[in-house]
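Next come the chains, spelled out residue by residue.
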Amino acid sequence: MSDGAVMTSGHSAGHGKKGLGNPVLGMLLFIVSEIMFFAGLFAAYFNLRTATGTWPPAGNGAFELHGEILFPAIMTSLLVLSSVTCQVAVWRIRKGDRQGMNRALLMTVLLGVTFLLGQAYDYTQLGFGIADGVFGSTFYVLTGFHGAHVLGGVLMLTVCLYRGGLGQFSAEHHDMVEATSIYWHFVDVVWLLLFALLYIA
Amino acid sequence: MAATAVRPIARPRTTLYEWLTTTDHKKIGILYTISSFIFLGVGGSLALFVRAELAQPGLQFLTESTYNQLFTMHASVMIFWVIIPFLAAIGNYVVPLMIGAPDMAFPRINALSFWMVPFSGLVVVTGFLLGGAADAGWTAYPPLSSIKYSPGPGMNLWIVAVMLVGTSSILGAVNFMVTIFRMRAPGMTLFRMPILTWTVLVTSVLVLMGTPVLTSALVMLFIDRNFGGAFFDPALGGSAILWQNIFWFYSHPAVYIMVLPGMGVISEILPVFSRKPLFGYKAFVFATAGIGALGFSVWAHHMFTTGSVFLPFFSVMTFLIAVPTGVKFFNWIATMWRGQITFTTPMLFSVGFLSMFLIGGINGVFSASVPVDYAIHATYWIVAHIHYVLFGGSFLSIMAGIYFYFPKMSGKMLDERLGKIHFALMYVGLNLTFLPMHLLGLAGMPRRIADYSPTAGWNDLNLAATIGGFMIGASFIPFFWNVFISLRSGEEAGDDPWEANTLEWATSSPPPAWNFDRLPAITSERPLFDARHARTGAEHE
């Protein structure tokens, strides 16, 4: 494919421009679409919540999530902590510290997996299901799709960790770590919104 | 990856293997084209079944249930697996060439985007084999699309397939945007980009912000249908209008997704065959951006009759969006004004686009007026409107693009005589099909019905529409024959058969895998014109 490609050799961006790398810009744009996806779900949530009047809807004690806030609060703090470790990984590799990056990535993966397990446990403790009216439907769709994004993030982090273990990243070439960390922060912010909305408000 | 040693692979590969695994944007563009033509055959056949049934009153060939599947699948296939992928085909093939890039920014994601299209298309048509395809209309309004009224697997397959094809579009949009922002050749500033590149950029923004919202609606519909969700079921506290709001928040911008790149194609062709620069380049760019921005504020004009939307706002915004479209019409007409016009086939299709899209735009403005819309809502007027926009607009521009870029893609010229026969048949056929639908709509014929009263006075107009439909079908015979004989023994095209202006004509036809051996200097939006007339003379390696 590349034989004779005089114009195109060199940097994968084609013309060796400064600024954001292609994967980083691509991830930022992809996150715009993710924001719009969650915006659709949030719009449905607010629409149904205002239309229902009393929220949580009366008649089911299991909908009162305020009382069981401790466990999800711990999970939230773990996810916030994982964002910090993820950013540490980025700072380390920017300085060329591969070992430091791998350690921080490993912690991030473990925290992410812990969050997922915690959420699965939390689901078993809730006294309502996805078919329990608009409250159940919105709750499980919002948290479920967030969980799917956490899973996606964990997979991306695992690939970063694997490639980090092979020594494929350096201070100059680590666009994938940058892109993954942006995604991970996004997933974290969505959770903070969900936690505030579903458990506190 | 450069980090590891590269071992050259000398294994001989078949052409088929090469095409199935390619990441070359030009081959992917051609694959998109082939896939779109195959699905055009599917969607077109469905339309002809529909027209055959409607040719006279009574049920001749189909049951009402089958009829529902046919019109639902006709619209879905044409929108998601024909028009959008056709435009992706042209964008994929042309945009990297136009901006002097060696390929798209993410070639492998590009291949993924493509392969999701035929795969999801197979998923959606599989419904026919599994006891019935989706039959709730392409708009899938609940409760029609609920598990109670659409119990078959077809609706679920439809939801999954549309999600997949939407994901393909989103990945494609990211790819186009990064390519356009980051991979332009030296000298190719934003305001020197060809208009087609601009329209693909704005379309990508619309896809990026609209399509995921559709995905969210589909997720909720899927959960309602399969896991007892309550989103769209008022009996459980949900809201059926909620679906309409979320669905149209995507699906109105989708109309612009389906027409903006077509406008871009037209804006490349008209200057070439008028021998003039495009009139008002910057106005055109801003009009495109304006359509993109306004496109997100008009969705509820599909919902005037629900009584649950703020009518004045959405009516005024809908009238307003006709303004940037009007600007473009002045651009196009002024481009042709006093030009040395040659009516080659691509030019004919472009002028055809102008006339048909004008009708599609104006009969849409009628519907923007709330009192008029109350009368014509869900009648054949709307069917006429959408077909003048999507067939007379989008599809004619796609055909114009295919005639225009075929020499670049294949290195061969298409036969002009057969092309003109194709155009004449299609142009007459489409007007014979869709013009009577205006009258049918005004006479009160509702859309989506399999049968109608013989005394309603709709017989002749329906028969005319059916004859027109089969004329459109027949118009593809000279086209495919043309492609066949031209590929076998067509005249050699050379690099620049049209004496065009933009970079894609600076390389060979078909271009090498790496696109350019060298680029002309880019000092305006018409680098080839400059080079041809030695305005700069300089070339850089």
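1. Concerning the overall build of chain A
Next, step 1: A count of helices and strands for chain A gives five helices and zero strands.
Next, step 2: Reading the helices (α) and strands (β) of chain A from amino to carboxyl end gives α-α-α-α-α.
Next, step 3: Considered along the principal axes of its C-alpha atoms, chain A spans approximately 70 × 30 × 25 Å.
Next, step 4: Taken across its 201 residues, chain A has 39% of its residues classed as buried.
Next, step 5: Long-range contacts, defined as pairs at least 24 residues apart, comprise 79% of the intrachain contacts of chain A with a sequence gap of at least 6.

2. Some points on the nonpolar core
Next, step 1: With 214 residues, the main nonpolar core has B:Ile83 and B:Ala400 as its most contacted residues.
Next, step 2: B:Ala400 has contacts with B:Val265, B:Ile266, B:Ile269, B:Pro346, B:Phe349, B:Ser350 and B:Phe353, leaving out every residue within four places of it along the chain.

3. Quick look at the packing of helix 3 (residues 98-125) of chain A against helix 4 (residues 133-165) of chain A
All names here are of chain A.
Next, step 1: Closest axis-to-axis distance for the helix 3/helix 4 pair is 9 Å, and the angle between their directions is 155°. As judged from the angle between their axes, helix 3 and helix 4 are roughly antiparallel. Relative to helix 4, the crossing made by helix 3 is left-handed. On helix 4, the residues that touch Arg98, Met101, Asn102, Leu105, Leu106, Thr108, Val109, Gly112, Val113, Phe115, Leu116 and Gln119 of helix 3 are Thr143, Gly147, Val150, Leu151, Gly153, Val154, Leu157, Thr158, Cys160, Leu161, Gly164 and Gly165.
Next, step 2: Each residue belonging to the contact of helix 3 with helix 4 can be placed in one class, and the counts come to 13 nonpolar, ten polar and one charged.

4. Details of the interface of chain A and chain B
In many reports, interface size means the accessible area that the parts give up when they come together.
Next, step 1: Every contact between the two is made by 36 residues of chain A and, on the other side, 39 residues of chain B.
Next, step 2: Broken down by secondary-structure element, the contributors of at least two residues to the side of chain A that touches chain B are helix 1 (22-52) and helix 4 of chain A.
Next, step 3: With 19 residues, helix 1 of chain A is the single largest residue contributor to the side of chain A that touches chain B.
Next, step 4: The residue makeup of the side of chain A that touches chain B, split by class, is 21 nonpolar, 13 polar and two charged.

5. Quick notes on the packing of helix 4 (residues 107-126) of chain B against helix 5 (residues 153-182) of chain B
When two helices pack together, you describe them by how their axes are tilted relative to each other and by the distance separating the axes.
Residue and element names in this part refer to chain B.
Next, step 1: At a closest axis distance of 8 Å, the pairing of helix 4 and helix 5 adopts a crossing angle of 165°. Between helix 4 and helix 5, the crossing angle belongs to the class labelled roughly antiparallel. For helix 4 against helix 5, the interelement crossing comes out left-handed. Residue-level contacts link Ile109, Asn110, Leu112, Ser113, Met116, Val117, Phe119, Ser120, Val123, Val124 and Thr126 of helix 4 to Leu157, Trp158, Val160, Ala161, Leu164, Val165, Thr167, Ser168, Leu171, Gly172 and Asn175 of helix 5.
Next, step 2: Looking at the contact of helix 4 with helix 5 residue by residue, the class counts come to 14 nonpolar, eight polar and no charged.

Here is what the cut-offs are and how they apply
Residues numbered from 1 in each chain as written. Chains lettered and ligands numbered in written order. Predicted model: local features only at pLDDT ≥ 70, side-chain atom pairs only at ≥ 80, totals over all residues. Helix = DSSP H or I, 4+ residues; strand = E, 2+ residues; numbered from the N terminus. Buried ≥ 20, exposed ≤ 12 C-beta atoms within 10 Å, placed from the backbone. Contact = placed C-beta atoms within 7 Å. Core = buried A, V, L, I, M, F, W, Y, C linked by C-beta atoms within 7 Å. Axes fitted to C-alpha atoms, helices over the stretch in contact; angles between N-to-C directions. Parallel < 35°, antiparallel > 145°, perpendicular 65-115°, else oblique. Left-handed = near helix turned anticlockwise from the far one by under 90°. Nonpolar A, V, L, I, M, F, W, Y, C, P; charged D, E, K, R; others polar.

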